[in-house]
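Here is how the chains run, residue by residue.
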Amino acid sequence: QVQLVESGGGLVQAGGSLRLSCAASGRTVSNYAMGWFRQAPGKEREFVAAIRWRGGSTYYSDSVKGRFTISRDNAKNTVYLQMNSLKPEDTAVYYCAADPSIIPPRMAYEYDYWGQGTQVTVSS
């Protein structure tokens, strides 16, 4: 089993930055694909970014490409999401997810493990 705990969310003004962290425990996630998803009120959970466990290839949704950066520190069993140039439409609960796939999935249902989420609110 893998336990994931997100942190780093909060309230920020438009144009600001936040860095989310996802700490894994229970099993090393160095061999897992890691993803970030978000869910706004009344909307479905959507893919934000993902990173492969080998090689570190990264994937982004079009809405965050160029503004968000996903990274991982396998020694710390932690994944990060650096969010810059935040917009009000980025407001959502952000979730970390882990899956043993080699290529990170983009669909939420394909991930095996989830964190509890952290709230990000961007004011205009």
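Quantities reported herein were computed from a predicted structural model and do not represent experimental measurements.

**Quick word on the pattern of salt bridges**
- For the structure on display, the rule yields four salt bridges.
- Across the salt bridge formed by Arg 38 and Glu 46, the nearest N and O atoms sit 2.6 Å from each other.
- Residue Arg 38 is classed as buried on the basis of its relative accessible area, which comes to 6%.
- We classify Glu 46 as partly exposed; its relative accessible area is 36%.
- Of the charged contacts, one joins Asp 62 and Lys 65 as a salt bridge, the two residues approaching to 3.5 Å between their closest N and O atoms. As far as burial versus exposure is concerned, Asp 62 and Lys 65 are alike and both exposed.
- A network of salt bridges, in which partner residues are shared, links Arg 38, Glu 46, Arg 67 and Asp 90.

**Some remarks on the pairing of strand 1 (residues 3-7)**
- Of the two faces of strand 1, only one is covered, namely that formed by Leu 4 and Glu 6; the face formed by Gln 3, Val 5 and Ser 7 stays uncovered.
- In this structure, strand 1 lies alongside strand 3 (residues 18-25), joined through five bridges in antiparallel fashion. Looking across to strand 3, one finds that Ser 7 is bridged to Ser 21.

**What to know about the sheet that holds strand 3**
- Taken together, the four strands give an open sheet; going across it, the order is 1-3-8-7, and neighbouring strands pair in antiparallel fashion. Across the chains shown, the open sheet's two edge strands, defined by having one partner strand only, are strand 1 and strand 7 (68-73). Averaged over all pairs of adjacent strands, the angle between their axes in this sheet comes to 15°, without regard to strand direction.

**What about the environment of Arg 54?**
- Positionally, Arg 54 belongs in the loop between strand 5 (46-51) and strand 6 (58-60).
- Considered as a pair, Arg 54 and Asn 31 are 23 residues apart in the sequence and their alpha carbons are 7.3 Å apart.

**Some details on the nonpolar core**
- Ranked by internal contacts, the top residues of the largest apolar core, which has 30 residues, are Leu 4, Met 34, Trp 36, Leu 81, Met 83 and Tyr 94.
- Of all elements in the fold, only strand 3, strand 4 (33-39), strand 5, strand 7, strand 8 (78-83), strand 9 (92-99) and strand 11 (118-123) reach the threshold of two or more residues within this core.
- Counting five residues, the second largest nonpolar core, distinct from the first, contains Phe 37, Phe 47, Ala 97 and Tyr 111.

**Some points on the side chain of Thr 118**
- Here Thr 118 is to be found in strand 11.
- Excluding anything up to four places from it in sequence, Thr 118 contacts Glu 6, Ser 7, Gly 8, Gly 9, Leu 20, Ala 92, Val 93 and Tyr 94.

Reading the values: rules and limits
- Along every chain, residues carry numbers that run from 1 in the direction the sequence is written.
- A pLDDT threshold of at least 70 governs which residues receive local features in this predicted model, and a stricter bar of 80 or more applies before side-chain atom pairs are shown or counted, although totals over entire chains, interfaces and linings include all residues.
- To obtain the side-chain values, all non-hydrogen atoms of the structure were used and water was disregarded.
- A side-chain nitrogen of Lys or Arg and a carboxyl oxygen of Asp or Glu constitute a salt bridge if their distance falls within 4 Å.
- Throughout this description, buried means an accessible area under 20% of the type-specific maximum (1.4 Å probe, protein chains only), exposed means over 50%, and partly exposed covers the range between.
- Put simply, DSSP H or I for four residues or longer makes a helix, DSSP E for two residues or longer makes a strand, and each gets a number counted from the N terminus.
- When DSSP locates at least two bridges between a pair of strands, those strands are taken to pair.
- In this analysis, axes come from line fits to C-alpha atoms, helices being fitted only over the stretch in contact, and the angle between any two N-to-C directions falls in the range 0 to 180 degrees.
- Put simply, buried Ala, Val, Leu, Ile, Met, Phe, Trp, Tyr and Cys residues joined by side-chain atoms within 4.5 Å make one nonpolar core.
- Any pair of residues with heavy atoms lying within 4.5 Å of one another is described as a contacting pair.

Treat this as a map of the structure, not an account of what it does.
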